[in-house]
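Tertiary structure, described
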Amino acid sequence: MQEYYKENNITESQNRFHAPNKINHEFISTFKKSCIIITNDFQKEINYLKNTHDREFLKIFEEEELKINHVHEIIQEAHIATHKDTIVAIFAYSYNKFAQNALLKILEEPPPHIIFMLHIDTRNKLMPTILSRLVVFNKKNKKNLEDFELDITRLNIPVIYNYIKKLEKENTTHEKGRIILAQILQCIAQNNIFLNEEKLERFDLAIKALHSKQSVHFAILPILLSLVKR
């Protein structure tokens, strides 16, 4: 590990807060310290961990939002005695403020052989106190949005009804809801559709609704209805 730092001109103090520019799975696996990984592909990271680590020494916690009760479970799991390095990998699109405060102490003083890996999709979702204590690996790649599955130039009530029922049936996550909003906006731009102040306000309301954990289909419905040609 020290040889890697020398080759990449990284001092020990720099390493506390920054990861090398050229990073890969293998380097992170040999890092042997708790860290934060910023990525937009949780499933890829989960698959890699499962394929390269003994399941006995790998604990994965995957949540839409990490809450205080999840942290209590993580802490309990981390305190189970182990004789070998064990990775506790946390995947969450948002980390509740109380959950982060509860995590802070165990991150500062982890039990023997426990390595925490906090996965997040954007850096600003973690408190500065956590960011300052762990090395941050930024593996996020720009990802083109897929096209919105409906033709917004030909929307009608039956089409919207079927789509909304589908979102409800699938119990669509709030993260997916945010992606759908981005897809709709992308589609609007591609079709040169003008949005007046009232229609723009609907997007603001939808974002607030998703942030407050309201059902995705309820958040999306007013926007789609506003795009129906009268």
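The structure contained in this document is the topic of the report that follows.

What counts as what
Residues numbered from 1 in each chain as written. Predicted model: local features only at pLDDT ≥ 70, side-chain atom pairs only at ≥ 80, totals over all residues. Heavy atoms only, no water. Helix = DSSP H or I, 4+ residues; strand = E, 2+ residues; numbered from the N terminus. Axes fitted to C-alpha atoms, helices over the stretch in contact; angles between N-to-C directions. Parallel < 35°, antiparallel > 145°, perpendicular 65-115°, else oblique. Left-handed = near helix turned anticlockwise from the far one by under 90°. Contact = heavy atoms within 4.5 Å. Salt bridge = Lys/Arg side-chain N within 4 Å of Asp/Glu carboxyl O. Buried < 20%, exposed > 50% of the residue type's maximum accessible area, 1.4 Å probe, protein only. Polar contact = N/O pair within 3.5 Å; in protein donor to acceptor, adjacent residues only side chain to side chain. Pairing = 2+ DSSP bridges.

**Focus: the environment of L200**
Its place among the elements puts L200 in helix α10 (residues 197-211). Sequence separation between L200 and I223 is 23 residues, and the spatial gap between their C-alpha atoms is 9.1 Å.

**Focus on the packing of helix α5 (residues 68-78) against helix α6 (residues 97-108)**
Remark: α5 packs on α6, axes separated minimally by 8 Å, with the N-to-C direction vectors making an angle of 20°. Relative to α6, α5 is oriented roughly parallel. When the axes of α5 and α6 are compared, the crossing they make is right-handed. Along the contact surface, α5 presents I68, V71, I75 and A78, while α6 presents F98, A99, A102, L103 and I106.

**Quick word on the pattern of salt bridges**
If you walk through the whole model with that rule in mind, you get 10 salt bridges. Close ionic contact of K59 with E77 constitutes a salt bridge, the shortest N to O distance being 3.7 Å. A residue pair is termed long-range when its members are at least 10 positions apart, and K59 in strand β2 (residues 58-66) and E77 in helix α5 qualify at 18 residues. Accessibility expressed as a relative area gives 25% for K59, which makes it partly exposed. A salt bridge links E175 to R178, with the nearest nitrogen and oxygen atoms 3.0 Å apart. Pair noted here: E175 and R178 are both in helix α9 (residues 174-190), with a separation of 3 residues, about one helical turn. Overall, R178 belongs to the partly exposed group, its relative accessible area being 30%. Among the ionic contacts, a cluster of salt bridges with common partners joins E64, E175 and R178.

**As for the environment of E108**
Relative to the elements of secondary structure, E108 occurs in helix α6. Accessibility expressed as a relative area gives 41% for E108, which makes it partly exposed. Residues E108 and S34, 74 residues apart in the sequence, show an inter-C-alpha distance of 9.5 Å. Here the side chain of E108 touches R133 through a polar contact of 2.4 Å, side chain to side chain.

**Details of the pairing of strand β1 (residues 35-38)**
Alternating residues of β1 divide into C35 and I37 and I36 and I38, and every residue in both groups is buried. By the bridge criterion, 4 bridges tie β1 to strand β4 (residues 114-120) in an arrangement that is parallel. From the neighbouring strand, I37 faces β4, where its bridge partner is H119. Bridge count between β1 and strand β5 (residues 135-138): 4 bridges; the pairing is parallel. Looking at the pairing, C35 lines up with V135 of β5.

**Observations regarding unusual backbone geometry**
Notably, N171 is not glycine yet its phi reads approximately 50°, a positive angle. Within the secondary structure layout, N171 lies in the loop between α8 (157-170) and α9. For N171, a relative accessible area of 63% gives the class exposed. Even without being a glycine, K213 presents a positive backbone phi close to 70°.

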